[in-house]
Amino acid sequence: MRIAQVLEKPIRALGGTWNTQRAVTALRDAGHGTGDQRQQEKRTRQALRDLADAGVIVKTEPRRATYRLATEQ
């Protein structure tokens, strides 16, 4: 299963604002926390971008990796 698919579940379930650290924690809790912190953050940022490209989440801050569900206002 792709990391973005794994991450999508907690984002949809919990809602709210998601940044890299919150997403890393969610992935680690789901058993996908392999590698050092830098590797985990890199994979997580890519997963967040993939979810944004798919229209699941939207970026809330232009210069930071901060997102929210596309259906939340």
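This text goes with the structure placed above it.
Predicted, not measured: the structure shown is a model, and the values here were computed from it.

S.K.: So, the pattern of salt bridges: which residues are in play, and what are the values?
M.R.: Taken as a whole and judged by the stated rule, the model has one salt bridge. The shortest N-O distance in the salt bridge between R12 and E8 comes to 2.7 Å. Of the two residues, R12 and E8 are both situated in helix α1 (residues 3-14); the distance of four residues between them amounts to about one turn of the helix. A residue is classified by how much of its surface remains accessible, and R12, at 46% relative accessible area, is partly exposed. Accessibility expressed as a relative area gives 21% for E8, which makes it partly exposed.

S.K.: Give me the lowdown on the sheet that holds strand β3 (residues 67-69), citing residues and values where you can.
M.R.: Ordered in space as β1-β3-β2, the three strands form an open sheet in which the pairing is antiparallel. The two strands at the open ends of the sheet, each matched to only one other strand, are β1 (17-18) and β2 (57-59). Pairing geometry for β2 and β3, over three bridges, is antiparallel. Paired with I57 across the bridge in β3 is L69.

Rules of the game
- Residues numbered from 1 in each chain as written.
- Predicted model: local features only at pLDDT ≥ 70, side-chain atom pairs only at ≥ 80, totals over all residues.
- Heavy atoms only, no water.
- Salt bridge = Lys/Arg side-chain N within 4 Å of Asp/Glu carboxyl O.
- Helix = DSSP H or I, 4+ residues; strand = E, 2+ residues; numbered from the N terminus.
- Buried < 20%, exposed > 50% of the residue type's maximum accessible area, 1.4 Å probe, protein only.
- Pairing = 2+ DSSP bridges.

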